[in-house]
Structures are given as C-alpha cells and as structure tokens.
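# Tertiary structure, described
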Amino acid sequence: MSLLKPYRFLFLLMPGVLAAAIGHAQQKIIGGIIKDSHSDERIPFASVSFKNSTVGKLSDSSGSFVFYLNNWPSDTLEITCVGYQPFKYAINKAKDSVLINVIMERGTFNEGVKLKIKVNKGLLVWRKIVQHKPENDRYRFDNFSYELYNKLELDLKNIDFEKFSKFKPLKPISDLINQNIDTSEGLKYLPAYLTEALSDYYYQKNPKKRREIIKAANTNGVKNESMIKLLGGMDQVVNVYNNFINVFDRKFVSPISDNGDYYYNYRVVDTQVINKNKYYHLVFTPRRKGSDTFEGDCWVHVGTFAIQKMNLRLGKDANVNFLETLSLIQEYSLINDSTWFLAKDKFVADVSPLGKDRPGFIGRKTTTYRNVVVNDSSVVQELNKNKLLEEVITVNGADEKNKDFWKASRHEKLSKTESGIIKMIDTLTKAPVFQKFTNTLNFIGTGYKNIGNYQIGPWYNWITSNSWEGLRIRFDLGTNHHFDKKWWWHTYLAYGFKDKKLKGKGELFFLPKKHPRLYLYGSFTNDLDFGQNYYGEVTSDNIFALAIRKPNIPLKYLKVNEKRFEFFHESRSGFSKHLAVTHKAYLPLKNLLPKDSFSVANDGNLFTSFEISLRLRFAYLEKFLETNFFRSSLGSPYPIGEIYFSRGIAGIFNSGYNYTKISASISDYITIPPYGNFSYYIFGGKTFGTLPYMLLDFAPGNELHYYNKYAFNMMNKYEFIHDKYAGVNIEHNIGNGLFRFFPKLKFRQFWTAKALWGSISPSNRTLNFKQGNSFQSLDGKTYLELGTGVDNIFHVFRLDFIWRVLPSTLPKTSDKNFGVFGSFRLSF
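Residues numbered from 1 in each chain as written. Predicted model: local features only at pLDDT ≥ 70, side-chain atom pairs only at ≥ 80, totals over all residues. Heavy atoms only, no water.

## Considerations on the sheet that holds strand S7 (residues 97-104)
Judged by pairing direction, the sheet is mixed, and its three strands sit side by side in the order S4-S1-S7 without closing on themselves. One side of each edge strand has no neighbouring strand; the edge strands of this open sheet are strand S4 (64-69) and S7. Going across the sheet, the axis of each strand differs from the next one's by a mean of 15 degrees, ignoring polarity. The pairing of strand S1 (residues 28-36) with S7 spans eight bridges and is parallel. Bridged to Ile34 within S7 is Val102. (Pairing = 2+ DSSP bridges. Helix = DSSP H or I, 4+ residues; strand = E, 2+ residues; numbered from the N terminus. Axes fitted to C-alpha atoms, helices over the stretch in contact; angles between N-to-C directions.)

## What about the environment of Asn336?
Tracing the backbone shows Asn336 in the loop between strand S17 (323-334) and strand S18 (340-351). A distance of 3.0 Å separates a polar atom in the side chain of Asn336 from the backbone nitrogen of Ser338. One polar contact links the side chain of Asn336 to the main-chain amide nitrogen of Thr339, over a distance of 2.8 Å. (Polar contact = N/O pair within 3.5 Å; in protein donor to acceptor, adjacent residues only side chain to side chain.)

## Overview of helix H11 (residues 416-430)
Look at H11: 22 Å from first C-alpha to last across 15 residues, which is about the 21 Å you get at 1.5 Å a residue. Residues Glu418, Gly420, Ile421, Ile422, Met424, Ile425 and Leu428 constitute the buried set of H11. (Expected span 1.5 Å × (residues − 1). Buried < 20%, exposed > 50% of the residue type's maximum accessible area, 1.4 Å probe, protein only.)

## A look at the pairing of strand S19 (residues 360-374)
Side chains on a regular strand alternate between the two faces of the sheet. As paired elements, strand S8 (residues 143-157) and S19 share 13 bridges and run antiparallel to each other. Across the sheet, Asp155 pairs through a bridge with Ile362, a residue of S19.

## Brief notes about the packing of aromatic side chains
Counted by the stated rule, this structure contains 50 aromatic pairs. Judged by centre distance (5.9 Å) and plane angle (85 degrees), the rings of Tyr264 and Phe284 are edge-to-face. With Tyr264 in strand S13 (residues 264-274) and Phe284 in strand S14 (residues 277-286), this pair connects stretches of sequence that are 20 residues apart. Relative accessible area serves as the criterion here: at 1%, Phe284 is assigned to the buried category. With 5.0 Å between their ring centres and 40 degrees between their planes, Phe509 and Tyr519 make a pair best called tilted. A residue pair is termed long-range when its members are at least 10 positions apart, and Phe509 in strand S26 (residues 501-513) and Tyr519 in strand S27 (residues 518-528) qualify at 10 residues. For the residue pair Phe509 and Tyr519, the accessibility class agrees, reading buried in each case. (Phe/Tyr/Trp six-rings, centres within 6.5 Å; stacked < 30°, edge-to-face > 60°.)

## Here's the deal with the pairing of strand S15 (residues 295-301)
Most of S15 is tucked away, with seven of its seven residues classed as buried. A two-sided burial pattern is seen for S15, the buried positions comprising Glu295, Asp297, Trp299 and His301 on one face and Gly296, Cys298 and Val300 on the other. As defined by bridge partners, S14 adjoins S15 across six bridges and the pair is classed as antiparallel. By the bridge assignment for S15, Phe284 is matched with Gly296. The pairing of S15 with strand S16 (residues 307-314) spans six bridges and is antiparallel. Looking at S16, one finds that Gly296 is bridged to Leu312. Where S15 folds back on S16, the antiparallel hairpin that results is connected by five residues, among which Gly303 adopts a positive phi of roughly 115 degrees.

Don't take any of this as a statement about function, it's just geometry.
Printed below as a string of structure tokens:
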C-alpha cells in the first residue's frame with residue numbers, strides 16, 4: 001500500500017467543499033497539496049500550523065491538508081518538514097477560502113537539537129531492516145513477472161525565452177514552440193522530449209534468466225530499435241535492498257547496505273499509523289562529505305521492517321559531474337496480505353554542464369509496475385523460450401501504436417504538459433526550419449552533413465599539414481540511409497601540395513542482416529599510414545594533430561596500397577567470426593629503412609603481401625547502440641575474448657612472403673564499489689616467418705601528448721619490434737582517493753600499469769637490424785610504464801603522469817623517462 005494513496009479522495013473533493021463553505025460567511029477554510037520542488041512528489045506528514053498560534057496539524061499521507069476555522073488564527077501559514085526549507089504563506093484575511101499549491105525547496109536533514117542518547121533508535125531500525133532484507137527483497141522469489149510502463153521526459157532549463165526568440169537563427173523555432181507551449185507567463189522549463197514504453201518483464205533466480213517483451217514504444221520520431229530496447233526495464237534495475245545503487249556509471253552505498261552504519265548516521269523522526277499499520281520515518285545522512293553516499297529518508301513498516309517508500313537525494317557535494325541535484329524515489333505496495341513488491345520508481349536528475357544558472361536540462365524517468373506475478377509456472381514457461389540467459393524482444397509494430405492504444409494502456413494519464421510535448425515534437429520534427437537547425441548542429445558536433453541521399457565530412461579532415469605532403473586537403477563523400485537501407489559506400493580524395501601526389505580511398509559496405517549481425521565489406525586504399533587506428537590513437541590526418549605532437553621526434557612516413565575484403569557473422573550468443581582477405585604493398589618514404597635495404601626470398605614483389613585472416617571473438621550479452629549501418633559497444637558484463645589467426649601466402653598477386661600469425665587477448669571492466677572500477681587488457685602473439693619490419697609486430701607507441709589508453713605512451717612508434725610478445729594493460733580508477741579531503745574540487749585519482757615482454761628471432765634480427773635503423777628489441781626483458789594522475793579536472797580533462805621504469809639497460813634519453821599527457825573524458 002502506498003503512503004500517497006489514503007485520503008487522496010479528500011483532496012479531490014476539496015474544490016466542492018470549498019464552494020460549499022463559501023456559502024457560510026463566518027467559516028474560513030484553507031487547504032492545499034504539499035510537493036517537492038525537484039521531484040514533484042507529494043510530501044506526507046508535513047507540519048502545517050498558523051504562526052504564533054496553537055492551531056496546526058500534519059498533512060495526510062498524500063501530502064494534502066485542509067482547515068475549517070471560525071476565524072483566521074494569524075495572517076501567516078507555516079509549513080515545515082524534515083529535509084526541506086520552511087514555507088510561509090501570507091493569508092489575505094479578506095478572503096473566506098484559500099486553495100494553495102505548496103512547493104517546498106530542498107533543505108538539510110540535519111535540523112534539530114542534537115541530544116546525547118544512550119540508545120540510537122534510528123540505528124536499531126536500520127539493523128532490523130538489514131536483518132529482514134532476505135524476507136523483503138523482491139529477488140527472494142524463485143521467479144516473478146510484471147507489466148512495466150516506462151516514461152522518460154527531458155526538459156531544458158534556465159532558458160531565457162525572450163532572448164531565445166530574438167536570436168534571428170532561432171526565431172522560426174521559437175515561433176513553433178509558442179504555438180504548442182504556453183509561454184505567456186514566462187518559461188522556467190522548456191519541455192523538449194518525451195518517450196514511453198510498455199513491456200512484459202520476466203525473471204528467474206536459478207538459473208538466472210531474464211526476458212523482456214517490448215509491446216509498445218512511443219519514441220516520438222526516433223526510429224532506432226537499439227534505443228527502444230534501452231527504454232525497457234532490462235537495464236534500469238534499481239534495488240534499494242542492494243548494498244550499492246547505480247547512479248549513471250557510478251555505484252553509491254545504499255542507506256540500507258549491510259555496512260550502512262559505517263557510511264551513514266540514522267535517526268527516527270516520526271511514527272505514523274495508516275490503515276492500522278504502523279510506520280517509522282527514518283532519516284539518514286552521510287557521515288563524511290564527498291563520499292559516494294545519499295541523504296534522504298524512508299518509511300519503514302513496523303513488524304516486517306519492509307521499505308514502504310524510499311527517498312534518496314544527491315546534492316552538490318556528491319562527486320558526480322554536471323549534477324545539481326538528483327532524486328531517486330521507490331515505492332513498494334502489498335500485493336497480498338504480507339508480500340511487498342515494487343510499485344513505482346522515479347528518477348529525476350538536474351544536470352548543468354555549463355554551471356549553475358546556465359542552460360541545462362532536467363531528466364525525469366517514471367516507471368510503474370502492474371500485474372505482478374510471483375513464483376508461478378507461467379513465468380517459467382515464458383522464460384523457457386529464451387535462447388540466451390537474457391533476451392529483449394521488440395514486437396513488430398511496437399513503435400506504430402496509435403493514440404487510442406496509449407490512452408487505454410498507460411498506467412497513469414499524461415499531464416497537460418506531457419501531452420503538449422508530444423504534440424510539439426510531432427510539429428517540430430516535420431518543420432523544415434527545425435530540420436535545418438538540427439542538421440547544422442549535427443554537422444558542427446559530428447563533422448558530417450547529410451545532403452539528400454549523400455553525406456560529406458568529417459570537416460576536421462579537410463585541411464591539415466605534415467612534413468612530407470606539406471599542406472594537405474581532403475574531401476569525403478558517402479551515402480546515408482536515404483540512399484539505401486543495406487548498402488553504404490564512402491570515398492575520399494586527398495592531395496599534398498608538397499609531394500604533389502593524389503591519394504584516396506573507396507569502400508563499400510553491405511548489411512543484409514542486423515540481428516544477428518552479418519555484413520560484407522570491401523575497400524581500396526592508396527594513402528599514407530596515419531597511425532595505428534586499431535589501438536584507438538588520435539591520428540595525424542586531422543586539423544588538431546599538429547598542436548599535440550611530441551617535439552623532436554622524427555616523423556615516419558609509410559605509404560600503403562591496400563585491397564581488402566571482409567566477411568563478418570555474429571551469433572546471438574555473442575560469438576563472432578571475422579574473415580578478411582588483404583593484399584598490401586608498402587613503400588617507406590621517410591625515417592624508415594628504405595626498400596633497397598631488403599631483398600625478397602620468394603618470387604614476388606618486395607614489401608607486398610597477400611594475407612587471409614580469421615578473428616574469433618566472444619562477448620556474451622554485449623550491448624550496442626546502433627545507427628543505420630554501424631554500432632558502438634556499450635560493453636558486456638563478462639570478459640571479452642579474441643583469438644586471431646592469419647596466413648600470408650607468397651605468389652598470389654605478386655606477394656613475396658609466407659608467414660603465419662597467431663594472437664589472442666582478453667579484456668574486462670569491473671566495478672569494485674566502494675573502491676571505484678578496474679579494467680585490464682591482456683594480450684600476446686607470435687609470428688612464424690622471416691619478414692621485413694612492417695609485416696612484424698610493433699609495440700603500439702604514441703608520439704602525441706594526447707593520452708592513449710591502448711598504447712605505450714612513453715614509447716615511440718616503430719621503436720620496439722618483435723615476432724613474439726605478451727603484455728598487460730591495467731587501470732584502476734579509485735574515485736575520490738586522496739581528493740576526498742578536498743571535496744569541493746571533485747577531482748578523481750587513478751593509477752595505471754602497462755607491461756610488455758617481447759623478443760625477435762635471429763633471422764628477423766639479421767634482416768631488419770641494419771645500419772640506419774632505429775629499431776630495438778626487448779630480447780625477453782620487461783618494458784614497464786607506471787602512471788598516476790588526476791581525472792575530472794573541470795569535469796572533462798584528465799592529466800596522466802607516466803614513468804618509463806623498465807628496461808633500465810636500454811639506451812634512453814632523459815626526456816623519455818617521464819611524460820605528462822592530457823586527454824578529454826566525458827563521464828558522470
């Protein structure tokens with residue numbers, strides 16, 4: 001049973017009661033509803049009293065109150081509640097009836113006189129809650145299912161609509177907003193977007209299985225199945241009975257954690273009886289500022305010690321980026337005489353990327369749960385349909401439901417503002433002026449611009465400069481999904497004014513099947529090698545590269561002529577096969593061993609290879625955010641493993657080398673609350689054959705001052721060469737660390753360690769280690785980089801301090817032993 005439901009009918013009848021009271025001039029009446037200014041939730045059992053009088057009462061469990069009086073006791077009504085600032089309302093004594101909407105601003109939970117007591121009742125209640133967690137947590141059931149309704153709203157805040165309307169490029173858009181949203185009395189928030197989804201969710205404890213069937217999704221113009229899946233309940237599980245609660249990409253200690261007394265102070269501030277059930281009002285506050293904790297309160301059922309309602313807040317002291325305030329509310333209700341189950345979730349985040357009082361946005365997510373079934377064979381039968389342990393299925397036509405369907409199926413009616421948002425979005429997305437505006441923003445942000453069926457960009461590759469080509473210009477042209485839903489092609493041409501050479505690339509992509517993924521790809525490239533892109537490096541083929549390059553390091557240029565064909569197939573389990581056939585011809589241009597230093601052993605051209613490769617990858621339950629053709633990984637809850645085989649064959653298309661390569665890697669990202677997160681990447685490989693250096697394995701170096709997570713940042717490119725290697729890359733983000741003593745800075749601490757072991761065979765050493773080369777080999781020794789640094793500087797900047805510790809016996813200059821690197825990281 002919800003604390004907000006009893007007596008709600010009283011407030012619904014209040015307008016009629018007030019009208020009747022008007023007929024009795026001698027009677028005075030005042031009533032209203034009390035709400036939280038941030039979450040818009042009603043506040044139960046607030047103290048409502050007339051100042052300097054003995055007249056007062058508590059609001060009921062739905063946050064409503066009403067007084068019937070013969071005369072006004074005073075001219076001021078005062079409302080107080082723990083966790084909120086006092087609210088005062090000046091009464092016009094000339095009126096006989098008043099109806100008010102009380103909006104209370106956040107305060108602190110530390111009010112009141114602190115008394116020394118022998119027994120802390122709050123601590124005793126917390127212990128009872130922890131003791132009864134196994135009987136109250138919904139995951140105690142063998143299985144359960146429910147219908148889930150999810151609503152997500154996005155509002156822009158601190159928008160000066162008058163200035164917005166006067167800015168000429170935005171005036172047509174402001175006119176469209178005026179037609180759909182009432183701005184006559186000023187605009188505190190500009191409703192921007194609203195989505196909703198309806199789904200059936202199934203859960204089984206042992207073996208753990210989950211299944212969600214998304215029956216309907218109203219995305220208001222966004223046609224993206226991967227986004228629809230994210231709107232369901234599979235990835236939005238918040239459970240206050242867990243020891244840790246996810247907030248964005250971080251984990252905070254739950255106030256009813258098993259170790260909660262180490263992180264929180266507790267006190268009972270009230271006891272209430274509702275429908276013959278007794279509830280404690282428990283308030284909790286962090287013991288230390290800046291820690292990953294909440295503040296807030298909860299109502300606890302006496303006897304079962306089940307949580308009936310939990311209110312969690314994050315304030316400005318929380319080490320979460322861009323966040324002004326956050327509210328997380330969970331309500332539980334009885335589904336029978338003794339079983340409590342989750343009834344409602346609400347999540348409200350006030351995000352200000354540019355700072356306080358600057359434009360930002362407020363995100364509101366409301367989730368309701370109905371038709372709850374526990375420990376039933378029907379749930380097992382539905383879960384037996386799973387081919388994987390977890391599946392999200394979108395019903396055909398889920399995004400095409402009409403207004404009548406939504407009107408009948410929503411768990412709660414849309415407000416007038418929410419209905420206005422849907423109407424406004426529908427109008428805006430169809431308006432040419434709005435489409436032009438969003439396309440311009442997309443071009444500036446992503447670098448790409450759609451022109452009909454075609455796409456140009458990225459603009460940051462159009463102009464750059466280097467010592468070999470001089471001024472370099474480049475122009476890209478490709479297709480978009482308007483051209484074809486399954487075929488994509490892209491090409492670019494580049495010209496260097498110093499070497500007076502034309503370069504370019506052409507590629508063709510065919511995606512016959514998205515789920516599970518299947519594609520064919522072919523490309524031809526004739527250009528300089530601008531970096532090891534597969535290591536996530538910022539390449540030098542863009543306008544920003546010159547500003548962040550390390551000084552006094554000779555630039556190395558290698559021209560590549562490549563023809564490539566790929567076949568990719570992925571199963572539903574996350575196992576993928578990637579087959580590639582590649583023909584490559586290399587030409588060293590500058591600061592690398594020249595072509596005339598080598599000879600080819602087989603019939604064929606020098607520095608030319610023909611290779612067939614197979615990559616096997618397993619990423620169980622990996623999730624993606626997809627566009628029409630491409631996708632970005634959102635990670636997997638399990639380690640990701642890869643095995644790579646390749647075979648070089650001499651004599652095919654004038655290739656000159658026979659060789660075999662084998663490599664493997666495993667990586668994972670692990671959260672270890674309250675100690676931050678930990679990631680590792682372990683790799684190794686071996687090459688069989690005698691080959692020139694560009695066909696061997698080079699340790700990934702970094703010649704930029706921009707930090708590269710996957711490279712050895714104190715190592716140059718082409719510095720270490722090997723045909724047998726193994727390595728490990730570790731990063732531990734601690735969180736506040738030492739900066740917990742300076743909570744206002746909101747800096748974060750981390751450490752990194754990168755190690756490499758490598759060797760080269762005598763035949764490959766003889767072939768490649770010639771006069772004029774700058775190559776080195778580890779010869780079985782350890783290369784080690786250790787680093788630490790400061791993250792979250794101004795919320796986006798990271799500073800790495802890296803020491804090249806080993807090997808100590810290799811020739812090094814002093815400036816190679818230590819380096820400082822910067823990078824930009826956007827995270828909460």
